[in-house]
Amino acid sequence: MTARFKSLTWKQTNLVVFTALFFAIAIFFVEVALVGIDTKHQLEKEQTELLDSVEQTAANSVWALDDKLAEQTLKGIMKVDNISSASITLDDNSLFVTVANNQESVQDYHVALSEFLFGHLEQASRPLYRPFYFEANKELQLIGTLTIIYDTHSLTNNLFGQLKFSFIATLARALLLTLVLSLVFHRFLTQPIAKISEAIDKIDPDNPDENLLPASIAHKDDELGLVTSKFNQILLQFSQAQNKLRKMATRDPLTGLPNRALLLETLSVTIQRSRVHKRSFAIFFIDLDRFKNVNDSLGHTIGDQFLARIARILERGIGDKGSVARLGGDEFVILADEIQTPSQAADFVGKLLSQLNTPIQLNEHSIHPAASIGISIYPDDCASAEDLIRHADIAMYSAKAAGSNQWAFFKQQMTERAAVRLRTEASLHDALKNNEFVLYFQPKFDLKTNKVVSCEALIRWQQDGRLISPMSFIPVAEETGIIVPIGRWVIEQSCKVLRDWQRKYNYVIPIAVNVASQQFADASLVPDIKQLALRYQIRPEQLEIEITETSLMNDIEQAIAKLEQLKSAGFRIAVDDFGTGYSSLSYLRHLPITTMKIDRCFVTDLPHDSAIASTILMLGQQLNLEIVAEGIENEEQLSWLNDHNCPIGQGFFFSQPLPLDEFETKYLAGQTAEIVTL
């Protein structure tokens, strides 16, 4: 249960009142004690003076036995205050004369108190002696006793009557002082504290520095002013810390751009505003092409500087038409709330790519940026913030699949393809464990003799009784990194096949295996290949490693080092898809390769467009490399290749890729005791 609020003013007033009462009562008792002592001394003095004044007269009346004079003397005594009776007794203790006043009844506590204060002063006596002037004898002779009885109860009552007024006056002064002090404390202490309390209630936790505590001029140099000042300092520091935390929570620390959380918040507000005004806007999902190459070759410091420069380019590109956010890595999103139509979006993305493609100079390095951009339009593509970003992301992947520096609008079919990719990715994780992959083999022929001289191992995926083409799952495997264990499986299976051929037929032809870019970049590639060849006891020249031109160009120095290790170990090395990338001819002569393949896209154009194929053949001859033409599909292509002295070819014209048992039956079963080497 919540405790009831008690005002500090009320508590303070109670404290002052009770304190004042306590001291008033204490002072009263001290005053009673002092007055009592003073009254006792005064009473003792009065008794002595009174006895001295009537002693002689009383003695004369007793000596003369003059009762009239004695009574008159006693009545004179009775006129003194607070005397209840007086008497004279003779020397034989017989009563001579007595006089008394009427006494009022008193309270019991007065009796007890008077006994305590004046008990020993209640009676005063004086012996009476024979007068000296009657005889010459100076010897004292007792003739009687004068006794005066005091009314101490009346004295006590009178005393307390006087003290009562004194106590009331003291109490009134104390209460008046309490009231004044309470007002003063309330004005100068409690009221400022109450104002501070009200100000604290108004503090906004999200913006604490907007409601600082009021600083009172009267308290600027005292403890209350110090507390207010310190509390305001805490509020300012808390606001600064909160702003830093808010910035950390909503801003990308590297580029200063909004992060995903702030983007979603801004996007939600934009959607609400656009829904009310029935307007459209565009989302651009930007992924930098080949950014990993920048990081791997130039280092993460240069990579971070590159991302920061890209962020500034994007900000300049959108200007005041929208905002830029960084989702992480090399992914950026532009929210363009002023772009309402696909044509406006197309114009903008064309200009943006032109700005992005401008070379960036970082230290001594010149970097040529490129990007793939996906576009989604509100409300045509979706009406929620998350889905707009997701659809632009899907469109970006579609653009990236079309090549570098491409852009694409989102289409519903992309979502369906993305769902298929997700299912494929999930299934790939279990495919290796479930032994769902198989190898097919496509023969390579000597074009002069039509003799099989080697083959290429090609992976296939058998799932639920159907065969899945590599074109469907290899891109997904490369994006998710599963391509590395899959590639290792292909190399190991090829080594097993070579061992089995040696045992079964005593006849072996080399097998070429493809190595993807991610697998080639893996540090364990060379040790794995050497270890597998040793485990299955195959000769290194029986295994040919095919790498793509793009893999070489990612890090040319590292690529040359790896290829040197493989070649020095005896393995054959082929460059696949030569002529489709961006390799420099100056690097080509330094590559430790044995074979160069003419890509099927150049073979398809034969014999009408033969410039590139002729160039590759010439290069191979100049560099003393084996040339393999792939994708031969008709007689015209074969004739051209023969006429230009291309030594080896493969393609559907000769044979499609075959399962292992069919390949063995067709090309190996009839051969014995021979090892073919290229």
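Just so you know, these numbers come straight off a predicted model, no measurement behind them. (Residues numbered from 1 in each chain as written. Predicted model: local features only at pLDDT ≥ 70, side-chain atom pairs only at ≥ 80, totals over all residues. Heavy atoms only, no water.)

Novice: Sorry if this is basic, but what is going on with the sheet that holds strand β1 (residues 83-90) here?
Specialist: Note: strands within a sheet are paired through backbone hydrogen bonds, in either parallel or antiparallel orientation. The sheet built from four strands is open, its strands ordered β2-β1-β4-β3 with antiparallel pairing. Looking at strand neighbours, the two that pair on one side only are β2 (95-100) and β3 (123-129), the edges of this open sheet. Geometrically, the sheet is characterised by an average inter-axis angle of 10° between neighbouring strands, direction not taken into account. Inspection of the sheet shows β1 paired to strand β4 (residues 142-150) by seven bridges, in the antiparallel sense. Residue Leu-90 lies in a different strand from β4, and its bridge partner there is Gly-144. This element, helix α2 (residues 67-78), spans β1, β2 and β4 of the sheet and lies at about 30° to β2. (Pairing = 2+ DSSP bridges. Helix = DSSP H or I, 4+ residues; strand = E, 2+ residues; numbered from the N terminus. Axes fitted to C-alpha atoms, helices over the stretch in contact; angles between N-to-C directions. Contact = heavy atoms within 4.5 Å.)

Novice: So what exactly am I meant to see when it comes to helix α10 (residues 385-401) here?
Specialist: Each full turn of the α-helix corresponds to 3.6 residues, which orients residues three or four apart in the same direction. Along its 17 residues, α10 runs 25 Å from first to last C-alpha, staying within 8% of the 24 Å computed at 1.5 Å per residue. Listed as buried for α10 are Ala-385, Leu-388, Ile-389, His-391, Ala-392, Ile-394, Ala-395, Met-396 and Ala-399. Just past α10, the residue Gly-403 takes up positive phi, approximately 125°. (Expected span 1.5 Å × (residues − 1). Buried < 20%, exposed > 50% of the residue type's maximum accessible area, 1.4 Å probe, protein only.)

Novice: Help me understand unusual backbone geometry, please; the structure alone is not making it clear to me.
Specialist: Negative phi characterises most residues that are not glycine, and trans characterises most peptide bonds. Backbone torsion omega between Tyr-378 and Pro-379 reads 0°, so that peptide bond is classified as cis. Along the chain, the position of Pro-379 falls in the loop between β10 (371-378) and α10. Going from Leu-606 to Pro-607, the amide bond is cis rather than trans, its omega being 0°. Looking at the secondary structure, you find Pro-607 in the loop between α19 (600-604) and α20 (611-622). In this structure, Lys-278 takes a positive phi of about 55° despite not being glycine. Accessibility expressed as a relative area gives 74% for Lys-278, which makes it exposed. A positive phi is found at Asn-506, a non-glycine position, where the angle reads about 50°. On the basis of relative accessibility, which here comes to 40%, the residue Asn-506 falls in the partly exposed class.

Novice: How should I be thinking about the UniProt feature "transmembrane region" (unreviewed entry) in the protein in this particular structure?
Specialist: Residues annotated in UniProt with the feature "transmembrane region" (unreviewed entry) correspond here to residues 15-37 and 165-185. Within the segment residues 15-37, helix and strand shares are 100% and 0% respectively, and the terminal C-alpha atoms sit 33 Å apart. This span, residues 165-185, is 100% helix and 0% strand, and a straight line between its end C-alpha atoms measures 30 Å. (UniProt positions renumbered as here; feature names shortened; annotations may be inferred.)

Novice: Looking at this structure, I do not really get the pairing of β10. What am I missing?
Specialist: If a strand is regular, its side chains alternate between the two faces of the sheet. The buried count for β10 comes to eight of eight residues, which makes it a mostly enclosed element. Bridging between strand β5 (residues 281-288) and β10 involves eight bridges; their strand directions are antiparallel. Pairing of Leu-288 across the sheet is with Ala-371, part of β10. Alignment of β10 against strand β11 (residues 407-409), held across three bridges, turns out to be parallel. Paired with Gly-374 across the strands is Ala-408, a residue of β11.

Novice: For this particular structure, what's the right way to read the packing of aromatic side chains?
Specialist: Under the defined criterion, the tally for this structure stands at 15 aromatic pairs. An angle of 15° between the planes, with centres 6.0 Å apart, marks the rings of Phe-291 and Phe-306 as stacked. Of this pair, Phe-291 sits in helix α7 (residues 291-298) while Phe-306 sits in helix α8 (residues 300-318), and the two are 15 residues apart along the sequence. Of the two residues, Phe-291 and Phe-306, both sit in the buried class. Members of the aromatic cluster, joined through ring pairs, are Phe-441, Phe-445, Trp-501, Phe-653, Phe-654, Phe-663 and Tyr-667. A cation over a ring is seen here: Lys-562 above Phe-520, with NZ or CZ 5.4 Å from the ring centre. (Phe/Tyr/Trp six-rings, centres within 6.5 Å; stacked < 30°, edge-to-face > 60°. Lys NZ or Arg CZ within 6 Å of the ring centre and 35° of its normal.)

Novice: Teacher, can you tell me more about the side chain of Asp-576 here?
Specialist: Relative to the helices and strands, Asp-576 resides in strand β18 (residues 572-578). Of the side chains bearing the opposite charge, Lys-597 lies closest to the buried Asp-576, which forms no salt bridge; the N-O distance is 4.3 Å. Excluding its chain neighbours within four sequence positions, the residues that come into contact with Asp-576 are Asn-514, Glu-546, Ile-547, Thr-548, Glu-549, Lys-597 and Glu-630. (Lys, Arg positive; Asp, Glu negative; His and termini not counted. Salt bridge = Lys/Arg side-chain N within 4 Å of Asp/Glu carboxyl O.)

Novice: What am I meant to see in the side chain of Lys-444 here?
Specialist: Its location among the elements puts Lys-444 in strand β12 (residues 437-446). A polar atom in the side chain of Lys-444 sits 3.1 Å from the side chain of Glu-546. (Polar contact = N/O pair within 3.5 Å; in protein donor to acceptor, adjacent residues only side chain to side chain.)

Novice: What is the right way to look at a nonpolar patch on the surface in this model?
Specialist: A cluster of nonpolar side chains, namely Leu-176, Leu-177, Leu-179, Val-180, Leu-181, Leu-183, Val-184 and Phe-185, defines an oily patch on the protein surface of about 690 Å² accessible area. Turning to its location among the elements, Leu-183 is positioned in helix α4 (residues 152-201). Under the relative-accessibility criterion, Leu-183 is labelled exposed at 54%. (Patch = residues over 30% accessible without salt bridge, like charges linked within 9 Å, V, L, I, M, F, W, Y side chains within 5 Å. Areas by Shrake-Rupley, 256 points an atom, 1.4 Å probe, with all protein chains shown as cover.)

Novice: Could you clarify how one ought to interpret the sheet that holds strand β6 (residues 322-328) in this entry?
Specialist: Spatially, five strands are ordered β6-β7-β5-β10-β11 in an open sheet, and the strand pairing comes out mixed. This sheet does not close on itself; its edge strands, each paired only once, are β6 and β11. Strand-to-strand twist across the sheet, computed as the mean angle between neighbouring axes with direction ignored, equals 20°. The strands touched by helix α6 (residues 260-277) are β5, β6, β7 (331-336) and β10; relative to β5, the strand with the most contacts, the crossing angle is about 155°. Packing against the sheet, helix α9 (residues 342-356) makes contact with β5, β7, β10 and β11, and its axis sits at approximately 160° to β10.

Novice: Could you clarify how one ought to interpret the pattern of salt bridges in this entry?
Specialist: It is possible for side chains of opposite charge to pair when their charged atoms get near one another. One pass over the structure, following the stated rule, counts 24 salt bridges. We note a salt bridge from Glu-55 to Arg-126, for which the minimum N-O separation is 2.7 Å. With Glu-55 in helix α1 (residues 8-63) and Arg-126 in strand β3, this pair connects stretches of sequence that are 71 residues apart. Residue classification places Glu-55 among the partly exposed residues on the basis of a relative accessible area of 24%. Given a relative accessible area of 16%, Arg-126 falls into the buried group. With a closest N to O distance of 3.2 Å, Glu-630 and Lys-597 form a salt bridge.

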